Amino acid sequence: MLKTFVSRPVLATVVSIILVILGLVGMKLLPVTRFPEIAPPSVVVSLSYPGATAETVAASVLLPIEEAINGVENMTYIRSTASNSGSGSVTVYFKTGTNPDVASVNVQTRISKAISAIPAEVNEAGITTMPRQSGVIMTINIFSNQKDSVYDETFLQAFAQINLMRPLLRVDGVAQVSRLGARDYAMRVWLNPEKLALYNLVPKDISDAIKDQNFEIAPGKFGETSDEAFETVIKHKGRFSQPEEFQNIVIKTNKDGSVLYLKDVARVEFGATNLNSDNKVDGKPGLTLNLTQTSGSNAHDIDVAVRKVLEEQKRYFPKGIDYDITYSVRDQIDQSIDQVKHTLFEAFILVFIIVFIFLQDFRSTLIPAIAIPVSLIGTFFFLSLFGFSLNVLTMFALVLAIGIVVDDAIVVVEAIHHKMHATGQKPRQATLSTMSEITGAILSITMVMAAVFLPVGFMEGPAGIFYRQFAYTLATAILISALNALTLSPALCALLLKPPHDEKEVGKKKNKFKYL
């Protein structure tokens with residue numbers, strides 16, 4: 001087999017070129033992140049119980065949901081929170097390696113069994129189940145850049161939801177765009193407790209009256225499929241949209257025939273859904289958008305696409321509204337990758353110089369130098385197969401691999417040099433003879449080096465996930481270097497190396513090696 005590659009150097013070259021091409025393709029497909037994903041997958045169940053206290057939400061909503069979810073496949077533990085604003089959430093954590101989308105479906109199935117035990121108001125408001133994406137990759141602030149702006153936070157929240165969040169969610173790789181202290185426009189009804197007591201009413205009476213008179217319906221038609229000449233569509237005004245319309249909702253009819261309207265017991269205004277937060281940017285009204293990425297996506301490409309979308313949408317911003325990107329993981333990734341690139345280049349130069357100093361021959365130095373990029377670039381293809389990402393740890397492993405992958409090629413070149421000068425054989429004959437002697441040594445060196453790093457990949461837990469990519473990257477580069485040492489390096493030695501100039505030099509080399 002080795003004789004085939006030495007006799008056919010084109011075949012050995014093609015194998016290495018294919019390996020490099022696959023590595024370049026893998027490099028293009030690899031997602032770029034700062035660190036490997038080590039956080040265990042989780043699913044968040046969000047809900048709202050309007051008007052309820054934290055104790056009520058916990059007892060009437062969170063408890064039945066927890067009982068229904070408990071024991072779902074691969075679950076580790078559950079954590080629940082509730083607030084006096086009526087909102088609540090249940091976070092379900094799963095074992096590392098669990099598919100978050102499948103886990104979300106399993107949790108949703110469990111919740112559906114508990115619907116009957118949950119108050120109707122919660123079901124009407126909706127229970128949201130979605131996998132949590134760990135780590136914010138970008139933070140965007142939308143703010144009014146004028147001192148006396150007419151745009152308040154509620155307007156900015158609604159503007160961002162309609163004009164920014166929709167195009168941002170369409171960016172490939174963006175999993176979620178969340179608003180800090182999210183609020184929307186709503187019709188707020190402020191009840192007067194004294195007047196409610198006067199008319200013997202409770203808040204539920206007001207809620208039922210609004211629900212009964214503020215609705216959408218499909219009333220149908222008059223004269224459809226009849227003998228009449230015309231059909232008349234029945235129109236219904238639908239839901240109310242103005243405070244005056246809500247004010248004129250009838251609450252009850254008194255015995256004397258008088259009518260009690262909503263405006264008689266409450267104040268109605270067009271405002272925000274919640275007033276629990278106040279978000280400002282440099283003292284001016286604003287809001288904060290946090291972006292998270294899908295698993296396996298490229299954070300760098302997401303950043304570029306998001307900035308492009310923001311610049312396109314900025315043309316339609318009302319006068320006095322601007323945006324600012326206060327945080328992006330791309331900056332950290334770019335700095336880390338740049339540092340690694342510089343280190344790779346510096347390490348390559350140092351290895352080349354040191355090999356040249358000891359081999360004292362440019363042709364001999366060129367052969368190990370070629371083995372370095374082939375081993376490193378080819379490793380990217382296997383990183384893509386393993387499902388790894390291009391991060392600080394994998395790049396650091398490649399930096400360390402530079403000094404290791406060159407070892408096998410140096411062993412081959414030095415051994416062939418020795419054979420030529422000791423016996424006077426031509427490069428091809430010396431290569432065939434030498435490779436039959438050192439193949440076992442190269443394989444044993446490779447196995448020993450790989451055995452040092454591979455066990456790290458069997459570690460469990462977050463630490464194991466964190467260091468697995470480092471260990472497997474280094475081991476893969478070492479194995480590829482052994483492949484090069486058995487195929488490309490011998491072929492290059494047979495082609496590039498020069499035989500000893502005369503028999504006198506051969507004799508000198510013989511005596512030198514004899515005394516050694």
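That block above? That's the structure.
Residues numbered from 1 in each chain as written. Predicted model: local features only at pLDDT ≥ 70, side-chain atom pairs only at ≥ 80, totals over all residues. Heavy atoms only, no water.

**Student:** In this structure, what is going on with the overall build of the chain? I would like to understand it.
**Tutor:** Check the secondary structure of the chain and you find 18 helices and 15 strands. For a compact globule of 516 residues, the expected C-alpha radius of gyration is about 24 Å, and the chain comes in at 36 Å, more than 25% above that figure. Taking the principal axes of its C-alpha atoms as reference, the chain extends roughly 130 × 60 × 50 Å. Burial status across the chain gives 41% buried among its 516 residues. Across the chain, the fraction of contacts at a sequence separation of at least 24, relative to all contacts at a separation of at least 6, is 76%. Of the roughly 28100 Å² of accessible surface on the chain, 57% is carried by carbon and sulfur atoms. (Helix = DSSP H or I, 4+ residues; strand = E, 2+ residues; numbered from the N terminus. Rg over C-alpha atoms; globule rule 2.2 N^0.38 Å. Buried < 20%, exposed > 50% of the residue type's maximum accessible area, 1.4 Å probe, protein only. Contact = heavy atoms within 4.5 Å. Areas by Shrake-Rupley, 256 points an atom, 1.4 Å probe, with all protein chains shown as cover.)

**Student:** Could you clarify how one ought to interpret the side chain of Ser89 in this entry?
**Tutor:** Mapped onto the fold, Ser89 is located in strand β3 (residues 87–94). Look at Ser89 and you get buried, because its relative accessible area is 19%. Here Thr81 takes part through its side chain, which lies 2.8 Å from a polar atom of the side chain of Ser89. With residues up to four places along the chain from it excluded, the contact list for Ser89 reads Val45, Ser46, Leu62, Arg79, Ser80 and Thr81. (Polar contact = N/O pair within 3.5 Å; in protein donor to acceptor, adjacent residues only side chain to side chain.)

**Student:** Would you mind going over helix α11 (residues 299–314) with me for this structure?
**Tutor:** Side chains that are three or four residues apart share a direction in an α-helix, a result of its 3.6 residues per turn. With 16 residues, α11 should cover 22 Å at 1.5 Å per step; its first-to-last C-alpha distance of 22 Å lies within 8% of that length. Residues of α11 that are buried: Ala299, Ile302, Asp303, Val306, Val309, Leu310 and Gln313. For α11, the angular spread of buried residues about the axis comes to 130°, placing them on one side. Here α11 starts with a cap whose side-chain oxygen sits 3.0 Å from the backbone nitrogen of His300, and that cap is Asn298. (Expected span 1.5 Å × (residues − 1). Arc of directions from axis to C-beta.)

**Student:** Explain the nonpolar core to me, please; I cannot follow it from the model alone.
**Tutor:** Most often, soluble globular proteins keep nonpolar side chains buried together rather than apart. Among the nonpolar cores identified, the biggest contains 78 residues, and Ile140 and Val306 are the most heavily contacted of them. Considering every element that reaches this core, the biggest residue donor is helix α14 (residues 392–423), with 14 residues. Look past the residues within four positions of Ile140 in its chain and what remains in contact with it is Leu168, Leu287, Thr288, Leu289, Leu291, Val306, Leu310, Tyr323, Asp324 and Ile325. Core analysis: the next-biggest nonpolar cluster, separate from the first, contains 21 residues, Ala52, Ile69, Ala103 and Val122 among them. (Core = buried A, V, L, I, M, F, W, Y, C linked by side-chain atoms within 4.5 Å.)

**Student:** In this structure, what is going on with the packing of aromatic side chains? I would like to understand it.
**Tutor:** Each pair of aromatic rings is reported with the distance of its centres and the angle of its planes. Considering all chains together, one arrives at 13 aromatic pairs under this definition. Their ring planes at 15° and their centres at 6.2 Å tell us that Phe155 and Phe159 sit as a pair that is stacked. Remark: Phe159 and Phe155 occur in helix α6 (residues 153–163); sequence separation between them is four residues, near one turn of the helix. The class of Phe155 is partly exposed, set by a relative accessible area of 25%. Ring centres of Phe159 and Phe317 lie 5.4 Å apart, and the angle between their planes is 80°; this geometry places the pair in the edge-to-face category. (Phe/Tyr/Trp six-rings, centres within 6.5 Å; stacked < 30°, edge-to-face > 60°.)

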